Amino acid sequence: MSSKAKAHIEIRDLTMAYGSFVIQQDLNFDINRGDIFVIMGGSGCGKSTLLKHMLGLMAPVKGDIIYDGVSFVSASSEQRDKVRQNWGITYQSGGLFSAMTLAENITLPLQLYTDYDRAEIASIVAYKLSLVGLAGYQDYFPAEISGGMRKRAALARAIALDPDILFFDEPSAGLDPISSRLLDELIVQMKESLGATVVMVTHELPSIFDIATNSVYLDANTRTMIDYGNPQELRDHSDQAVVKQFLARGIEAAKNTMGSKRL
Amino acid sequence: MITEQTGFEIISVGQGKMSVGLQGNWTQSQQSPDFSQLRAALDVNSVQQFFISGVDLKEWDSTLLAFLLACHNYCQGSKVEFDVSGLPSGAQKLLEVATAVPIHIRPKELSRFGLASLDPSGLTRAGIKHLTDSLSFVGEVSIALTKLVMGKANTRMVDFKVFCYAAGPEAFFIISLVSVLVGMILAYLGAAQLLQFGAEVYVADLVVIGTLREMGVLMTAIVMSGRTGAAYAAQLGTMQTNEEIDAIITMGVSPIEFLVVPRMLALVLMMPLLTLYADLLGIIGGGIVAGGMGISPLQYINEAENVFSWVDTSIGLAKSVIFAMLIAIAGCRSGINSGRSSEAVGQAATQAVVISIVYLIIADAAINIICQQIGI
């Protein structure tokens, strides 16, 4: 374990591309332990792509991603699996296995990576489902519950192993304001109790201002990060007009992101 | 350093109050006690208040919370007050979150499996429902085809061309392989019997009649049901999952006209052509085996020409058109009625292949019986 002072996740000179089309280049930022870190930007700027790189689902063209001082990009696949055991991830549409019940979905990581016996697993599963407000839904299949419940069930699976880092891809997209606030509260609660670092991709402004402690703004025009810091401070004091407008729901930012689309 | 055992200790019992202290590390790697041990000690008849203290608690994780949740639910069920104020505030908060929503009780429903599924009346009803649903689907397709003929259907001809290519030229390789081998198998099968009578030359008769009337078209149809029928079911099932079919309906376009008709027409156009191709290759395959048995190619061709009839060929082609419709109906119907999950799409594809093969075999038998009765 490296010292606590050091950043939990470091992004160094990262360049991402699909073939010869560069999505983002020269990304350099740190995510500290205990942060709720938001990756922001207009549609199509590469937020989800950055998350995929951080998860190791895509390989960067250049640069490195460092977890706890250890390079993830140059790690072997066994080392990566080992690092990934400390992660909880929820995907945009949940990523629950549709052929398994909710209980089986949450049981799977527990069976794979812990030595709990069957009864203990059952009680842990009941606890995780209760945490996300789904107590009693053990035997439901993902198709039998609503979209918001699926998101929460996916969160329950993500926290099954008490992870160190929680990744969220658009956690509250498609949820009503109340559910999305409850989900935000849940994320903060999880973070505090697990002492975890949270990394999320989102453009839900209320949720950004409510819970985020740090953020990075990816710009689609210049294809790099143009700002970094606490979102509330960025809204009030950023010297980047685009970022200010984005956070204040300005029209100019919308125009800029629209203009950057390849047509 | 004193290592404490993970567990709990009863501190005091009396006057309707019970206090329990937690000890040691309640983490994943430790052997922690099961809730049933505490339940045995907790007499719900005399205890009204249950206090749990975390003074001696060291590290904890979800293991502890799972235990506490079980305590909470048990206490709530037996109307005992559960006091957690002695626990670390993090654990208290998490327990509060976990118990904020009451436990959902699943409404009872009939099980899908077991003896109930063998009930004959249920099976008959399911069979009749399947039949009426299929017929109504065929009805809708007929209406869509009529509209197409009248020039009023919303069918994109671009789609039709794409499906023709997928159902025709792209299937050449597998059809070639299957029909050559089936032709050879037929020839071997006949040769073994005919050799006994010294009538090897009639292998050609067997192969030609067998291929034209039966094997060419049937093997093509079975390959196409696995290849194209399943593909149709998977495509439409994924479109259902993606809400694309909803989008088509709400645009005021019939999904039958837009999705089913071009697929069906493409298959109906391509199947006879593939069948002719399969017939030719099947006869060639038979010729290869015949050559190996000492029948010269000329003899084989001569005999084949004698026995060739347009009636056999057209029966084969008529079958291919009917089979094409059945495959398209089975595939598209399974796809459109598919559920909205990856598992459901898999089921739809399976169902499409199973149903289309059942349809094929029943239709083939029926056509053969009719041909026999009217003497062609």
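All of these numbers come straight from a predicted model, not from anything done at the bench. (Residues numbered from 1 in each chain as written. Chains lettered and ligands numbered in written order. Predicted model: local features only at pLDDT ≥ 70, side-chain atom pairs only at ≥ 80, totals over all residues. Heavy atoms only, no water.)

Trainee: I'd like a description of the interface of chain B and chain A, backed by residues and values.
Mentor: At the interface, 22 residues of chain B touch 28 residues of chain A. Approximately 2,200 Å² of surface area, both sides summed, lies buried where chain B meets chain A, with 55% of it carried by carbon and sulfur atoms. Our count for the contact surface shared by chain B and chain A stands at one salt bridge. A salt bridge links E144 of chain A to R106 of chain B, with the nearest nitrogen and oxygen atoms 3.2 Å apart. (Contact = heavy atoms within 4.5 Å. Buried area = accessible area lost by both parts, 1.4 Å probe. Salt bridge = Lys/Arg side-chain N within 4 Å of Asp/Glu carboxyl O.)

Trainee: Can you tell me about the packing of helix α5 (residues 157-167) of chain B against helix α7 (residues 203-241) of chain B, naming the residues and giving the values?
Mentor: Residue and element names in this part refer to chain B. Relative orientation of the contacting elements α5 and α7 amounts to 145 degrees, with a least axis distance of 11 Å. Only M224, R227, T228, Y232 and Q235 of α7 make contact with α5, whose side of the interface consists of F163, A166 and A167. For the contact of α5 with α7, a count of residues per class yields five nonpolar, two polar and one charged. (Axes fitted to C-alpha atoms, helices over the stretch in contact; angles between N-to-C directions. Helix = DSSP H or I, 4+ residues; strand = E, 2+ residues; numbered from the N terminus. Nonpolar A, V, L, I, M, F, W, Y, C, P; charged D, E, K, R; others polar.)

Trainee: So what's going on with the sheet that holds strand β5 (residues 70-71) of chain A? Residues and values would help.
Mentor: Residue and element names in this part refer to chain A. On the basis of which strands lie adjacent, the open sheet formed by four strands has the order β2-β1-β4-β5 and antiparallel pairing. Looking at strand neighbours, the two that pair on one side only are β2 (21-31) and β5, the edges of this open sheet. Both strand β1 (residues 9-18) and β2 contribute to a ladder of seven bridges, which runs antiparallel. When the sheet's bridge partners are listed, A17 is paired in β2 with V22. With respect to the sheet, helix α1 (residues 47-55) is in contact with β1, β2 and β4 (62-67), its orientation differing from that of β1 by roughly 120 degrees. (Pairing = 2+ DSSP bridges.)

Trainee: Please provide a residue-by-residue account of unusual backbone geometry, values included.
Mentor: All names here are of chain A. Phi angles above zero are rare outside glycine, and D68 is one such case at about 50 degrees. Along the chain, D68 turns up in the loop between β4 and β5. Positive phi, close to 50 degrees, is recorded for D162, a residue that is not glycine. Structurally, D162 is set in the loop between α5 (147-158) and β7 (165-169).

Trainee: Got a sec to walk through the confidence of the model for chain B? Specific residues and values, please.
Mentor: Taken over all residues, the pLDDT of chain B has a mean of 89, while the share at 70 or more is 97%. Scoring of the predicted complex yields 0.73 for pTM and 0.74 for ipTM. (pLDDT = per-residue confidence, 0-100.)

Trainee: Can you break down the side chain of T63 of chain B residue by residue, with the values?
Mentor: Here T63 of chain B is to be found in helix α2 (residues 62-77). Within the local environment of T63 of chain B, its side chain forms a polar contact with the side chain of Y116 of chain A, the two groups lying 2.7 Å apart. Side-chain polar atoms of T63 of chain B contact the side chain of D61 of chain B, separated by 2.7 Å. Once residues lying within four places of it in the same chain are set aside, the contact partners of T63 of chain B are Y116 and I124 of chain A together with W26, T27, Q28 and S32 of chain B. (Polar contact = N/O pair within 3.5 Å; in protein donor to acceptor, adjacent residues only side chain to side chain.)

Trainee: Could you give an account of the nonpolar core, with specific residues and numbers?
Mentor: All names here are of chain B. Counting residues in each nonpolar core, the largest one holds 77 residues, and the members touching the most others are F50, I52, F67, L68 and F82. No other element matches the eight residues that α2 contributes to this core. If we skip the residues at most four places from it in the chain, F67 touches F8, L22, W26, P33, D34, F35, L38 and I52. Of all hydrophobic cores here, the second largest spans 50 residues; its members include V141, V253, M271 and C371. (Core = buried A, V, L, I, M, F, W, Y, C linked by side-chain atoms within 4.5 Å. Buried < 20%, exposed > 50% of the residue type's maximum accessible area, 1.4 Å probe, protein only.)

Trainee: Outline the environment of M54 of chain A, supporting the account with residue identities and numerical values.
Mentor: Residue and element names in this part refer to chain A. The topology assignment puts M54 in helix α1. Taking the C-alpha atoms as reference points, M54 and H237, 183 residues apart in sequence, are found 29 Å from one another. Contacts of M54, omitting those with residues within four sequence positions, involve I9, I11, I31, I39, I65, Y67, F72, W87, F167 and V199.

Trainee: Any chance you could break down the packing of aromatic side chains for me, citing the residues and the numbers?
Mentor: Here a ring pair, both rings aromatic, is described through the centre-centre distance and the interplanar angle of the planes. Going through the model one piece at a time under the given rule, you end up with 17 aromatic pairs over all chains. Residues F35 of chain B and F67 of chain B carry aromatic rings whose centres are separated by 6.2 Å and whose planes lie at 75 degrees to one another, so their mutual orientation is edge-to-face. One end of the pair, F35 of chain B, is in helix α1 (residues 35-41); the other, F67 of chain B, is in helix α2, with 32 residues separating them in the sequence. By relative accessible area, F35 of chain B is classed as buried at 13%. On the numbers, 5.6 Å between centres and 70 degrees between planes, the contact of F35 of chain B with Y74 of chain B is edge-to-face. Of the two residues, F35 of chain B sits in helix α1 while Y74 of chain B sits in helix α2, which places them 39 residues apart along the sequence. Note on Y74 of chain B: relative accessible area 24%, which makes it partly exposed. Cluster of aromatic residues (ring-pair linked, three or more members): F8, W26, F35, F67 and Y74 of chain B. Note that R235 of chain A overlies the ring of F209 of chain A, its terminal NZ or CZ placed 4.3 Å from the centroid. A cation sits over an aromatic face here: R39 of chain B above Y74 of chain B, 5.8 Å from the ring centre. (Phe/Tyr/Trp six-rings, centres within 6.5 Å; stacked < 30°, edge-to-face > 60°. Lys NZ or Arg CZ within 6 Å of the ring centre and 35° of its normal.)

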